[in-house]
Amino acid sequence: MVRIPEQARDLLREHGPTAPVWRRRVAILGGAVTIGLVALLFAHLADWAGERFTAVAARWWWAPLIVTPLGYAAIAGITARFAPAARGSGIPQVMAATRNPDHAMSALVSARIVLVKLALTIGTLLVGASTGREGPTVQIAASIMGYAHRLMAIPLRASVFIAGGAAGVAGAFNTPLAGVAFAIEELAAAYEQRMTLLVMTAVLIAGMTSLGLSSDYIYFGVMRQTLSVRETMLAAPIAGILGGLMGAFFSRAVLATGRTNWGPVAKLRARPMLFAGSLGAIVAVIGVASGLTWGTGYGAARAIITGTDVPHWFGIAKLATTLATAVSGMPGGIFAPSLAVGAGVGNMLRWLLPTYPGGAIVLLGMVAYFTGVVRAPLTAVIIISETTASRGLMMPLLASALIADFVAQAVSKERLYHALSQAFLPPPDPQQAQGMASHDDPEPSHRTGKP
């Protein structure tokens, strides 16, 4: 029998195929490829669900008045009973999961939770909810990356979920750069340098997987219009102020509804099925009256961008249905509906600035409103730029996003996803908190490190 020298065995253990570095690479590669495939499948299922509901609503105009409220109530009841962590967007859950990655694998991003999330999100689109698939994709992607690392016996860190969530954004929109920006601005409260390679690798692999299977598609279509410096100086501030105000209103309304102790709302909130059904009725009435506010809003947004005549009140109506869906606790995201509302804001701006390039003005409204809601201006600019191939508008888009972020911060101090993530954090351990307090030195000089 051939004996391997001890030094060779050490090298094989540290750098061989079973070494941690190789197992980590396999986990990243396998997780990212799986995320790309799942994101693509989820996108097709979501589109199918939205088309089925639209077909039903077109054939029987009155059907949503029955299907939507009952569907909201049923989905709210299923979520509350079987998977409370599947409610809402999914992005706050991933933020909370980074605080305790090992615990999150059995709670916030467990296989059961994400499977329920996927199924119920499709269900919400089947009943006409004004919701999107991007937030749920982030939660599902974080779970996939977590299980890939567990399968390869790699310790879980917060960076694993951040990389998975960023890859989910890249796969959902086919926008790798937006995935990186989203990881920096939203998922990672303090972006560590050591996460860079993990995030970049996961995002690029997931993006290439989605790109390879679905071809080089542009989410909202190609936009080649540009704005001059003079036009930008007027349009960007107007879009930033209007979009920032409306986005901040949406955020404050979502948070206030979840916290208010006002009697009627508090009583309804204590009965999730009745609460969701009532909000579903609002969504149904607005949807039947307008015919435009169902689902993700992708079709209406693309129509506005390309110059199709869409009513100027669309943005307000879509905001109302998205708000009703968001506060009802339906599993589903707000990315795509927010972009649709933003397109409606841009449509109003196009009416105010009729001599300006219409498509470019619509994109300013989209980036401004999205920034006002999510408070991630870099992510907003890159998403709009990549989903419309509008690289010539980068500076006007950035100007609108920064102004909208400033306005939204003045109106709503809390960032929406960060505030919502607090509900998914485990309650503090009183004994641990007491132990930490007992070790605190009351002397100010000791706390500051002075002798």
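Residues numbered from 1 in each chain as written. Predicted model: local features only at pLDDT ≥ 70, side-chain atom pairs only at ≥ 80, totals over all residues. Heavy atoms only, no water.

What the protein chain contains, in helices and strands, is 22 helices and 0 strands. Taken across its 451 residues, the protein chain has 53% of its residues classed as buried. Pairs at least 24 apart in sequence give 80% of the contacts found in the protein chain among residues at least 6 apart. When the accessible surface of the protein chain is totalled, it reaches about 20500 Å², and 66% of it is carbon and sulfur. (Helix = DSSP H or I, 4+ residues; strand = E, 2+ residues; numbered from the N terminus. Buried < 20%, exposed > 50% of the residue type's maximum accessible area, 1.4 Å probe, protein only. Contact = heavy atoms within 4.5 Å. Areas by Shrake-Rupley, 256 points an atom, 1.4 Å probe, with all protein chains shown as cover.)

Looking now at the nonpolar core. Soluble globular proteins tend to pack their nonpolar side chains together in the buried interior. Among the nonpolar cores identified, the biggest contains 122 residues, and Phe250 and Met366 are the most heavily contacted of them. At 11 residues, helix 17 (residues 358-374) tops the list of elements feeding residues into this core. When sequence neighbours within four positions are dropped, the list of residues in contact with Phe250 reads Leu319, Thr322, Leu323, Ala326, Ile334, Tyr369, Val373 and Leu416. (Core = buried A, V, L, I, M, F, W, Y, C linked by side-chain atoms within 4.5 Å.)

Counting across every chain of the model gives 6 aromatic pairs. Summarising the aromatic geometry, the rings of Phe220 and Tyr298 are spaced 5.6 Å apart at their centres and angled 25 degrees between planes, so their arrangement reads as stacked. Separated by 78 residues along the polypeptide, Phe220 in the loop between helix 10 (196-214) and helix 11 (229-259) and Tyr298 in helix 14 (residues 298-305) bring together distant segments of the chain. Plain terms: the ring middles of Phe335 and Phe370 are 5.0 Å apart, the flat faces sit at 90 degrees to each other, and that makes the pair edge-to-face. Taken together, the residues span a long stretch of sequence, with Phe335 in helix 16 (residues 335-352) and Phe370 in helix 17 at a distance of 35 residues. Residue class for Phe335 comes out buried when judged on its relative accessible area of 2%. Taken together, the ring pairs in this structure connect Phe173, Phe182, Phe335, Phe370 and Tyr417 into an aromatic cluster. (Phe/Tyr/Trp six-rings, centres within 6.5 Å; stacked < 30°, edge-to-face > 60°.)

The full count for this structure, using the stated rule, is 2 salt bridges. Residue Glu414 is joined to Arg259 by a salt bridge in which the shortest nitrogen-to-oxygen separation is 2.7 Å. Highlighted residues: Glu414 in the loop between helix 19 (394-411) and helix 20 (416-421) and Arg259 in helix 11, separated in sequence by 155 residues. Overall, Arg259 belongs to the partly exposed group, its relative accessible area being 45%. For the salt bridge of Asp405 with Arg375, the shortest nitrogen-to-oxygen distance reads 3.1 Å. In this pair, Asp405 sits in helix 19 while Arg375 sits in the loop between helix 17 and helix 18 (377-388), placing the two residues 30 residues apart along the sequence. Of the residues examined, Asp405 reaches a relative accessible area of 18% and is grouped as buried. (Salt bridge = Lys/Arg side-chain N within 4 Å of Asp/Glu carboxyl O.)

Moving on: the confidence of the model for the protein chain. Residue-level pLDDT values for the protein chain average 86, and 87% of them are 70 or greater. Across residues 436-451, where pLDDT falls below 50, the model places 4 contacts with residues more than four positions away in sequence or in other chains. (pLDDT = per-residue confidence, 0-100.)

On to helix 11. For helix 11, which comprises 31 residues, the first-to-last C-alpha distance of 44 Å matches the rise-based estimate of 45 Å (1.5 Å per residue) to within 8%. Of all bends in helix 11, the biggest is about 25 degrees, found at Ala235, and the proline Pro237 comes one to four residues later. (Expected span 1.5 Å × (residues − 1). Bend = angle between axes of the 7 residues up to and from the residue.)

The next point concerns helix 6 (residues 111-126). A rise of 1.5 Å per residue sets the reference length of helix 6, with its 16 residues, at 22 Å; its end C-alpha atoms lie 23 Å apart and thus fit the reference within 8%. Listed in full, the buried residues belonging to helix 6 are Ile113, Val114, Lys117, Leu120, Thr121, Ile122, Gly123, Thr124 and Leu125. In the core, the buried residues of helix 6 are packed alongside helix 2 (20-59), helix 3 (64-82), helix 4 (91-97) and helix 7 (134-151). Within two residues after helix 6, Gly128 carries a phi angle of roughly 85 degrees, on the positive side.

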